[in-house]
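Structural features, examined
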Amino acid sequence: MKRRLVFLAIVVTLLISVTALAACTTSMEDFYAGLQEDAEKVNADLKAVMEETAKYDYTTSFDITHYYYNGATRGDINTPGWKDGDDGYTWMYEDAYLDIVKQGDTITTTATVYLPVNEDDYNNSDIAPVAYASAKGVVDGSGNLAVEWVKYGAADGDGAAADLDDITVTVGEYTLRGLLTLWYDMITGYSDISDSYGDITSATSGFKIYQDIAQVAYRYVYDLEGNRYESWHDSEGDSLTSLPEGSTIMSYGYDSDIAYNLEVISTIRHERVSITSNTHDRMKSFEFFAEDIMVYYDEISVMNSDLTLYADVCGNTDFVANIEITEE
């Protein structure tokens, strides 16, 4: 009789555990529905912050830095891609310092771009500036930034009128033109993120120690030609637990269990934006982080020289802008 009671207790315990586990498991439909709800809430918070902050004059200055590996290529089935330490391949830094002044509908941006240097030089020596540019733009009635003038020249700040399309200076994916409109592009782009709900991987907002925080993260996946897939989760692959041999499906699974078919992917990009504001919705800081992951061929191990595909971080870009409101 005692054995039966023990056996019954074990069965009941197992049933409770299985039931609890099932209750904690989020279905694919529930996961995407919850993500949509989170994104909508963050969107409302971001819109409120951008609209309130736009009422004030303010300044902000920050470095935007691109950290990347200059020996990272895809390679092929016969040639390894990532050149680890060979022939001078190393981690590099590119950097630009941006100074932004907003007065009414006018936004003036000054950019100082610095010479790309390797990791050791970035940590241990002064970096030479190589270019200086500034642009003044006025936000028109349609919400567009109309650039009134641009000056470009040496890093001493003396410049002349210039055509930005003729200037090849870049920091990561940003051309000099992109740097001079970066701030405006950011504050307008994140004032309404409803068009990019399908790219969002997480969205959180709420009150944290005398300030509000809104954070949204994105993922973008690119094919072998460098074109972005419409979505980071392949709808055809969501119902799979593994990929059929030779599959052209980009991914399978969802949430933290999502897996990618490296055969049909060149790069993956993660982006995250974090915005803090005071309790009156005036922005205090704007933080941007982007991480680039590339797919490449390399040896399976030191004991096996056959090549296979791997995915690894090949670079990141970030800045933190603290907002100083000059008109209360």
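The following paragraphs examine the structure supplied in this document. (Residues numbered from 1 in each chain as written. Predicted model: local features only at pLDDT ≥ 70, side-chain atom pairs only at ≥ 80, totals over all residues. Heavy atoms only, no water.)

Focus: the overall build of the protein chain
We apply this condition: Put simply, DSSP marks the helices as runs of H or I at least four residues long and the strands as runs of E at least two long, and each gets a number from the N terminus on. Working definition: with a 1.4 Å probe on protein chains only, accessible area under 20% of the residue-type maximum means buried, over 50% means exposed, and in between means partly exposed. Any two residues whose heavy atoms approach within 4.5 Å at even a single point are treated as in contact. Note on areas: these come from Shrake-Rupley sampling with a 1.4 Å probe, and a residue is covered only by the protein chains present in the view.
The secondary structure content of the protein chain amounts to 5 helices and 16 strands. Classification of the 328 residues of the protein chain by burial places 39% in the buried group. Looking at the protein chain alone, contacts between residues at least 24 apart form 59% of all its contacts between residues at least 6 apart. Put simply, the protein chain shows about 18,400 Å² of open surface, and 50% of that area lies on carbon and sulfur atoms.

Some words on the nonpolar core
A general trend in soluble globular proteins is that nonpolar side chains are found buried together. To keep things clear, this is the line we draw: For this analysis, a nonpolar core means a set of buried residues of the types Ala, Val, Leu, Ile, Met, Phe, Trp, Tyr and Cys, connected via side-chain atoms within 4.5 Å.
By size, the foremost hydrophobic cluster in this structure holds 63 residues, and its most contacted members are Trp-183, Tyr-190, Phe-286 and Phe-319. Counting residues per element, this core draws most heavily on helix H2 (residues 28-53), which supplies 8 residues. Residue contacts for Tyr-190: discarding those within four places in its chain leaves Leu-46, Met-50, Val-216, Tyr-218, Glu-271, Val-273, Phe-286 and Phe-288.

Focus: the packing of aromatic side chains
Selection rule: Pairing of aromatic side chains here covers Phe, Tyr and the six-membered ring of Trp, requires ring centres within 6.5 Å, and sorts the geometry by plane angle: under 30 degrees stacked, over 60 edge-to-face, intermediate tilted. Definition used: whenever NZ (Lys) or CZ (Arg) falls within 6 Å of the ring centre and also within 35 degrees of the ring normal, the charge is taken to sit over that ring.
Taken as a whole and assessed by the stated rule, the structure comprises 21 aromatic pairs. Taking the centre distance of 6.1 Å and the plane angle of 5° together, the rings of Tyr-218 and Tyr-220 count as stacked. Both residues of the pair, Tyr-218 and Tyr-220, belong to the buried class. Ring-pair connections join several aromatic residues into one group, and the members of that group are Tyr-58, Phe-62, Trp-183, Tyr-190, Tyr-218, Tyr-220, Phe-286, Phe-288 and Phe-319. Over the aromatic face of Trp-232 sits the side chain of Arg-219, whose NZ or CZ is 4.9 Å from the ring centroid.

Quick word on the pattern of salt bridges
In plain terms, the rule: Salt bridge, as used here: a side-chain nitrogen of Lys or Arg that lies within 4 Å of a carboxyl oxygen of Asp or Glu.
On inspection of all chains with the given rule, the structure shows 6 salt bridges. When the shortest N-O distance is used, the salt bridge between Arg-228 and Asp-199 registers 3.8 Å. Of the two residues, Arg-228 is situated in the loop between strand S10 (212-222) and strand S11 (251-252) and Asp-199 in the loop between helix H5 (182-189) and strand S9 (200-207); the sequence distance between them amounts to 29 residues. Take Arg-228: its relative accessible area is 45%, and that puts it in the partly exposed class. For Arg-269, the salt bridge is made with Asp-292, and the minimal N-O distance between the two is 2.8 Å. Of the two residues, Arg-269 sits in strand S13 (residues 267-277) while Asp-292 sits in strand S14 (residues 283-301), which places them 23 residues apart along the sequence. Note on accessibility: Arg-269 and Asp-292 belong to one class, buried. Linked by salt bridges that have partners in common, Glu-173, Arg-269, Glu-271 and Asp-292 make up one network.

Comments concerning the pairing of S13
Operational definition: One requirement defines pairing of two strands: DSSP has to find at least two bridges between them.
Extensive coverage of S13 is indicated by the burial of 8 of its 11 residues. For S10 and S13, the ladder comprises 11 bridges, and the chain directions are antiparallel. Bridge pairing in S13 places Val-221 opposite Ile-268. Judged from the 11 bridges that link them, S13 and S14 form a sheet pairing that is antiparallel.

Observations concerning H2
Counted only if it meets this: Multiplying one less than the number of residues by 1.5 Å gives the expected span of a helix.
Compared with the 38 Å implied by 1.5 Å per residue over 26 residues, the 37 Å span of H2 between its first and last C-alpha is a close match. Regarding H2, the residues found buried are Phe-31, Tyr-32, Leu-35, Ala-39, Val-42, Asn-43, Leu-46, Val-49, Met-50, Glu-52 and Thr-53. Residues of H2 that are buried sit in contact with strand S1 (58-69), H5, S9, S10, S13 and S14.

Structural notes on the pairing of strand S2 (residues 91-103)
In this sheet, S2 lies alongside S1 in antiparallel orientation, the contact comprising 12 bridges. Bridge assignment links Asp-63 to a residue of S2, and that residue is Tyr-97. Sheet topology places S2 next to strand S3 (residues 106-118); 11 bridges connect them, and they run antiparallel. Note that in S3 the partner of Val-101 across the bridge is Thr-108. Between S2 and S3, which pair antiparallel in sequence order, lie 2 residues; one of them, Gly-104, sits at a positive phi of approximately 60°.

A short note on the environment of Ile-258
Secondary-structure assignment places Ile-258 in the loop between S11 and strand S12 (259-260). The exposure class of Ile-258 is buried, given its relative accessible area of 14%. With near-sequence residues (within four places) excluded, Ile-258 lies in contact with Arg-219, Trp-232, His-233, Ser-251, Tyr-252 and Gly-253.

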